[in-house]
Amino acid sequence: QVQLVESGGGLVQAGDSLRLSCAASGSTFNSYGMAWFRQAPGKEREFVATIRVSGGHTYYADSVKGRFTISRDNAKSTVYLQMNSLKPEDTAVYFCAAGRPVLSAIRSSASYYYWGQGTQVTVSS
């Protein structure tokens, strides 16, 4: 079992930055791939970014590539999402997730076993 708790969300203006954190507890953090997903009102949950167990490989949705950076600190059992140049369309509840997906399925929410409760990010224009 892994418990995940996100923090760092808030209300910002377009062009601002935020850093989300996701603290994990309860199991071996460094044996899981970690990901961020988001869900806007009336829309399906969508993949944002993922980082493999070692932290050596990261993957991003096209919509955030070049603006967002995912990282992990295995010593602190924490994964981060640095979000720069935020846009109103980034407004959503952001969730972190843990799993052991195969490479071909890293963007699928079904590949992740554990989820946090989410943190709201609102970007005003």
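Analysis parameters
- Residues numbered from 1 in each chain as written.
- Predicted model: local features only at pLDDT ≥ 70, side-chain atom pairs only at ≥ 80, totals over all residues.
- Heavy atoms only, no water.
- Helix = DSSP H or I, 4+ residues; strand = E, 2+ residues; numbered from the N terminus.
- Polar contact = N/O pair within 3.5 Å; in protein donor to acceptor, adjacent residues only side chain to side chain.
- Contact = heavy atoms within 4.5 Å.
- Disulfide = S-S within 2.5 Å.
- Buried < 20%, exposed > 50% of the residue type's maximum accessible area, 1.4 Å probe, protein only.
- Phe/Tyr/Trp six-rings, centres within 6.5 Å; stacked < 30°, edge-to-face > 60°.
- Core = buried A, V, L, I, M, F, W, Y, C linked by side-chain atoms within 4.5 Å.
- Pairing = 2+ DSSP bridges.

## Comments concerning the side chain of Thr-50
Of note, Thr-50 is situated in strand β5 (residues 46–51). Reaching out from Thr-50, the side chain makes a polar contact with the backbone oxygen of Met-34 at a distance of 2.8 Å. Residues contacting Thr-50, with those up to four places away along its chain left out, are Met-34, Ala-35, His-57, Thr-58, Tyr-59, Ile-70, Ile-106 and Tyr-112.

## Digging into the state of the cysteines
In total, this model carries one disulfide according to the counting rule given. The disulfide that involves Cys-22 links it to Cys-96, with 1.9 Å between the sulfurs. The chirality of the disulfide connecting Cys-22 with Cys-96 is right-handed, given an S-S dihedral of about 40 degrees. Taken together, the positions of Cys-22 in strand β3 (residues 18–25) and Cys-96 in strand β9 (residues 92–99) put the pair 74 residues apart, joining distant regions of the chain. Overall, Cys-22 belongs to the buried group, its relative accessible area being 0%.

## Considering the packing of aromatic side chains
Using the criterion set out here, one finds five aromatic pairs in the structure. When the centroid spacing of 5.9 Å and the interplanar angle of 80 degrees are considered together, the rings of Tyr-32 and Tyr-114 count as edge-to-face. Of this pair, Tyr-32 sits in the loop between β3 and β4 (33–39) while Tyr-114 is found in strand β10 (residues 112–115), placing the two residues 82 residues apart along the sequence. The two residues Tyr-32 and Tyr-114 agree in class, both being buried. On the numbers, 5.1 Å between centres and 55 degrees between planes, the contact of Phe-37 with Trp-115 is tilted. Here Phe-37 is found in strand β4, whereas its partner Trp-115 is found in strand β10, with 78 residues between them in sequence. You can call Phe-37 buried: its relative accessible area is 1%. Using a relative accessible area of 26% as the deciding quantity, one classes Trp-115 as partly exposed. Put simply, the rings of Phe-37, Phe-47, Tyr-112 and Trp-115 touch in pairs and so form one group of aromatic residues.

## Section: the nonpolar core
Leu-4, Met-34, Trp-36, Leu-81, Met-83 and Tyr-94 are the most contacted members of the largest nonpolar core, which has 36 residues in total. Breaking this core down by element, the ones donating at least two residues are β3, β4, β5, β7 (68–73), β8 (78–83), β9, β10 and β11 (119–124). Top element by residues in this core is β9. It accounts for five residues. Excluding residues within four positions of it along the chain, Leu-81 makes contact with Leu-18, Arg-19, Leu-20, Trp-36, Val-48, Ala-49, Phe-68, Thr-69, Ile-70 and Tyr-94.

## A word on the pairing of β9
Among the eight residues in β9, seven count as buried, and that is most of the element. Bridge count for β4 against β9 is seven bridges, and the pairing is antiparallel. Its bridge partner being in β9, Met-34 is matched across the sheet by Ala-98. As judged from the three bridges shared by β9 and β11, these two strands associate in the antiparallel manner. Residue pairing for β11: Tyr-94 is matched across the bridge by Thr-119. Judged from the three bridges that link them, β9 and β10 form a sheet pairing that is antiparallel. What sits directly across from Ala-97, in β10, is Trp-115.

By themselves these figures say nothing about function.
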